[in-house]
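Geometric and topological summary
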Amino acid sequence: MAADISNIKIGQSPQGVQVPVHAPMPPAPSIVIPTATRSGSLRKIVYGTLSILILGGIAYSLVSLFGGSDSVVLLTPSPTAIPSPSASPTTTPTIKNLRSYLGNPTGTITIQSTATAVSDFRNGFVSIQPTRKVSTAISVTKNSSVPDARVLLSDLFGAPPAAIVTALGSDWAAVSYGQPEQFSSTGIKSEATTLIAKAVFLFEVADATGARQAMRSWEDSGFDIASAKLFGYDTAKRIVAGFGEGAYQTIPVRYWNFPYADKSLDYAIVTASNNKNYLVIAASREAIFSVVDQLVQ
C-alpha cells in the first residue's frame, strides 16, 4: 500500500486501479407478444368469411321470404311419377238371344216337307221327354238344315199376313214344356204326377206394334184353325167362339181355351230383357207363363 501511495504524483490524477471502461449497453429488447401462427391466421380468415356468408344468406332469405320477392325461386322436390294403370280393352257386351234364355236344344224333330210339316212335327214331339215345369229347347230341321223363321211359321201355322212376314227376325226357337196343370171335365184344376208336353214357339219380331195388329187380323183368318190342328185340339170343344184377352206380368195375352186353360191357344208379343220383341205362341196358359218368366228375367 505504501508503494502505491508513493506512486501518487501531485497534480495528477491518482493512478490507482483502473476502472474498466464499460461499453454502452444495447437497449433492452422490447417485449413482443407472439402473434398467431400463419395457419391460425388463415383459419380465422376462413371462419370469418364463412360466418359472414352464412349470416348474409340467412338475412337474404328472411328478407325474400317476408318481403315477397319474385326473384326467389323455392325449389320443391319433383313428385314421383306414378304409372297410370293400363286401360282395359273395351269389350262389346254380348246381346242375349233365345238360346241364352232357353239353353241348347236337347231333342230333334225332322220335317220332311211342307206338305207333311204338321204331322212330322206332332210325331216327333211325342218322343220328346218333358221336364216338370221346365221349358226345354228342341231342334227342328227340314231337308237336313235349320229352316228360317218364315219357312217354319208358314209350314206349321199356314200363310201368315205380309206384316208378320216383314216383321220377323232371324232368331226363333221351339220349346217343350213339362206341364203338371190339368183340368177335369168339370173344370176342376189339379196338378197331375204325369206330365203333359206342351209346345211353345218363339219368333223374333222387329216391329212389335205392327206384329200385334197383324196377329189380331190373323186370329180368325187361318191362324186359329191351323194352331188347333198343330196342337191337337178339337175346336168343337171350345167354350167361346174366339179369342179373349188377359194379362200376365202386365203383358197382354190373347187366348182361346179348348175347353180349359190346360188345352188352349195363347199368344203374346213379349219384350224380353235383351230389349228384343218376340211373338210367343203356346199350347197352354201355364206354358206361355213359363216362357214369359224366362224372357223377362
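Residues numbered from 1 in each chain as written. Predicted model: local features only at pLDDT ≥ 70, side-chain atom pairs only at ≥ 80, totals over all residues. Heavy atoms only, no water.

Focus on helix α8 (residues 285-296)
- The terminal C-alpha atoms of α8, which comprises twelve residues, lie 17 Å apart, in line with the 16 Å expected from a rise of 1.5 Å per residue.
- Restricting attention to buried positions, one finds in α8 the residues Glu 286, Ala 287, Ile 288, Ser 290, Val 291, Val 292, Gln 294 and Leu 295.
- The opening residue of α8, the one whose side-chain oxygen lies 3.1 Å from the backbone nitrogen of Ala 287, is Ser 284. (Helix = DSSP H or I, 4+ residues; strand = E, 2+ residues; numbered from the N terminus. Expected span 1.5 Å × (residues − 1). Buried < 20%, exposed > 50% of the residue type's maximum accessible area, 1.4 Å probe, protein only. Polar contact = N/O pair within 3.5 Å; in protein donor to acceptor, adjacent residues only side chain to side chain.)

Re the sheet that holds strand β5 (residues 244-248)
- Spatial strand order, β1-β2-β3-β4-β8-β7-β6-β5: eight strands in an open sheet with mixed pairing. Taken across any chain shown, the strands that pair with only one partner, and hence form the sheet edges, are β1 (108-111) and β5. Taken over all neighbouring pairs, the strand axes of this sheet differ in orientation by 30° on average, direction set aside.
- Summarising the sheet, β5 and strand β6 (residues 251-257) pair through five bridges and their orientation is antiparallel. For Glu 245, the partnering residue across the bridge sits in β6 and is Arg 254. (Pairing = 2+ DSSP bridges. Axes fitted to C-alpha atoms, helices over the stretch in contact; angles between N-to-C directions.)

A short note on the environment of Lys 263
- You can see Lys 263 is positioned in the loop between β6 and β7 (264-271).
- Take Lys 263: its relative accessible area is 34%, and that puts it in the partly exposed class.
- Separated by 35 residues in sequence, Lys 263 and Ala 228 have C-alpha atoms that sit 9.7 Å apart.
- Apart from the residues lying within four places of it in its own chain, the contact partners of Lys 263 are Lys 198, Tyr 233, Trp 256, Asn 257, Phe 258 and Ala 283. (Contact = heavy atoms within 4.5 Å.)

Quick notes on helix α4 (residues 117-126)
- Of all the positions in α4, only Ala 117, Val 118, Asp 120, Phe 121, Gly 124 and Phe 125 are classed as buried. Down the axis of α4, the smallest arc covering the buried residues is 165°, so these residues share one side. When the buried face of α4 is taken as reference, the exposed residues oriented beyond 90 degrees from it are Asn 123 and Val 126. (Arc of directions from axis to C-beta.)

Quick look at the nonpolar core
- One finds Phe 121, Phe 157, Phe 201, Phe 203, Phe 231 and Ile 281 to be the most contacted residues of the largest nonpolar core, which totals 42 residues.
- The biggest single contributor to this core is helix α7 (residues 208-231), with nine residues.
- The residues contacting Phe 201, other than those within four sequence positions of it, are Phe 121, Leu 156, Phe 157, Ala 173, Ala 174, Leu 230, Phe 231, Leu 279, Val 280 and Ile 281.
- In this structure, Leu 102, Tyr 177, Ile 251 and Val 280 belong to the second largest nonpolar core, which totals 22 residues. (Core = buried A, V, L, I, M, F, W, Y, C linked by side-chain atoms within 4.5 Å.)

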